[in-house]
Amino acid sequence: MSEQLDTQVLLAIAEQVVRRASAMALAGQQRDLQVQTKANRNDLVTRVDKDIEEFVAAELTSRTGYPVLGEEGHGVDSFAGRVWVVDPIDGTMNYVETRRDYAVSLALVSDGQPLIGVVADVVAGRLYSAVRGHGATCHPDEHDWTRSDVGGPATEPGRSTEELAQVPSDKGFRDSIIITDLKEIRAMPRLVAALVESRGHRRYGSAALECIEVASGRAGAFVHLWVSPWDIAAAMVICAEAGVTVTRLDGTPLDVRHKGSILAGAPRAHAELLARLVSDPTH
Ligand code: IPD
Ligand code: CA
Ligand code: CA
Ligand code: CA
């Protein structure tokens, strides 16, 4: 298979595969999930996580020839060249318990740099996509994920496409919602002080969707201590194309090939939070 497949062709393949995976996730909720635990009692995997990853890996391997890294077992020897990175369900706890706020996340990473990102907010019916250097879009009306055919989504009746606007560059963290979890709050007293000064905090339970909240301008920042490549590789492209600054919590560049922390924020909110959380010794 050619290394030179055009990015627009690859985007169309990625969107089609994510739409089909989203249909599988919704249909899967009607059947026995066969929930199992992994590292601890709240680290869940279902039959549907595994089935979606198998489906996505088989499709992408046969259609592009690029290797696939996935949370539920697909590994790669290296990140050299082009590698697909899939989280079949991001937010498995939500998938099992709240039955909403979970995502299918698929990225194409080229020599370690995310190139294409597609994230489906499955229950909300929204598909977010971006190609590095070409902006980010949202298909907001994906009420029927089984309509997955490649080609002209913007022109198909009932399927609309919106460009994602650039996030505000001048809005500070004090005027923003900040997304973070209890474990970050417990670990970082400076974060508690910042949250108290902010508009408030939220938590949705899917790192990909939490990044998307920032990229869509609905939150000012997302703070997480420990994300994996499949959690954020796709959302990082969407964030970058929407003007969101993404780094580690110490301000260093985020390399999606490795697990670690993330601070994603609108530019001013990101800079202020970084100063508050890391560099300012008075806080
Ligand atoms: C998890 C979710 C969750 C985050 C965890 C991730 P999973 O992914 O993104 O929001 O806090 O760190 O592992 O396991 O549901 O794919
Ligand atoms: Ca998991
Ligand atoms: Ca995940
Ligand atoms: Ca997962």
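Predicted, not measured: the structure shown is a model, and the values here were computed from it.

Let's talk about the site of ligand 1
Around ligand 1, the neighbouring residues are E71, D87, D90, G91, T92, D181, G205, S206, A207, W226 and D231. In terms of residue class, the shell around ligand 1 is made up of two nonpolar, four polar and five charged.

Here we look at the domain arrangement of the protein chain
Here the domain parsing of the protein chain yields domain 1 (7–163) and domain 2 (173–279). Each partner contributes residues to the interface: domain 1 has 30 residues there, and domain 2 has 24 residues. Mapped by element, the contributors of at least two residues to the side of domain 1 that touches domain 2 are β3 (68–70), β4 (82–90), α3 (92–97), β5 (103–110), β6 (113–121) and β7 (126–131). It is β6 that provides the largest number of residues to the side of domain 1 that touches domain 2, a total of six residues. Along the lines of polarity and charge, the residues of the side of domain 1 that touches domain 2 split into 17 nonpolar, seven polar and six charged.

Observations regarding the packing of helix α1 (residues 7–28) against helix α2 (residues 47–64)
The packing of two helices is summarised by the inter-axis angle and the distance between the axes. The N-to-C vectors of α1 and α2 enclose an angle of 160 degrees; their axes lie 10 Å apart at closest approach. For the element pair α1 / α2, the angle class is roughly antiparallel. Crossing handedness for the pair α1 and α2: right-handed. Along the contact surface, α1 presents L10, I13, V17, A21, M24, A25 and G28, while α2 presents V48, D51, I52, F55, V56, E59, L60, R63 and T64. Here the contact of α1 with α2 is built from residues that sort into eleven nonpolar, two polar and three charged.

Some remarks on the UniProt feature "binding site: Mg(2+) 2" (unreviewed entry) in the protein chain
In the numbering adopted here, UniProt assigns the feature "binding site: Mg(2+) 2" (unreviewed entry) to D90. With respect to the helices and strands, the residue D90 is situated in strand β4. In this structure D90 touches Y102, A103, S105, S206, A207, A208 and D231, once residues within four positions along its chain are discounted.

Considerations on helix α7 (residues 229–241)
In this model, α7 (13 residues) spans 18 Å end to end at C-alpha, consistent with the 18 Å of a helix rising 1.5 Å per residue. Taking the largest bend as the criterion, α7 deviates by roughly 30 degrees, centred on A235. Of all 13 residues that make up α7, twelve are buried, and the element is covered over most of its length. Residues P229, W230, D231, I232, A233, A234, A235, M236, V237, I238, C239 and E241 constitute the buried set of α7.

Some remarks on the nonpolar core
Counting residues in hydrophobic clusters, the biggest one holds 85 residues, and the most contacted among them are L106, C211, V214, A215, A221, I238 and C239. No other element matches the ten residues that α1 contributes to this core. Discounting residues that sit within four places of it in the chain, A221 has contacts with F173, S176, I178, V214, L263, A264, G265, A269, H270 and L273.

A closer look at the UniProt feature "binding site: Mg(2+) 1" (unreviewed entry) in the protein chain
UniProt's feature table lists "binding site: Mg(2+) 1" (unreviewed entry) at E71, D87, I89 and D231, given in the numbering used throughout. The greatest C-alpha distance among the residues just named is 9.4 Å, despite their covering 161 residues of sequence, which places them together in space. Counting through the fold element by element, D87 comes out in strand β4. Taking the number of C-beta atoms within 10 Å as the measure of exposure, D87 has 33 and is therefore buried. When you line up the elements, D231 lands in helix α7. Residue D231 is classed as buried on the basis of its 26 C-beta neighbours within 10 Å. If we skip the residues at most four places from it in the chain, D231 touches D87, D90, A207 and A208.

About the thresholds
Residues numbered from 1 in each chain as written. Chains lettered and ligands numbered in written order. Predicted model: local features only at pLDDT ≥ 70, side-chain atom pairs only at ≥ 80, totals over all residues. Near = placed C-beta within 6 Å. Nonpolar A, V, L, I, M, F, W, Y, C, P; charged D, E, K, R; others polar. Domains from an automatic or database assignment. Contact = placed C-beta atoms within 7 Å. Helix = DSSP H or I, 4+ residues; strand = E, 2+ residues; numbered from the N terminus. Axes fitted to C-alpha atoms, helices over the stretch in contact; angles between N-to-C directions. Parallel < 35°, antiparallel > 145°, perpendicular 65-115°, else oblique. Left-handed = near helix turned anticlockwise from the far one by under 90°. UniProt positions renumbered as here; feature names shortened; annotations may be inferred. Expected span 1.5 Å × (residues − 1). Bend = angle between axes of the 7 residues up to and from the residue. Buried ≥ 20, exposed ≤ 12 C-beta atoms within 10 Å, placed from the backbone. Core = buried A, V, L, I, M, F, W, Y, C linked by C-beta atoms within 7 Å.

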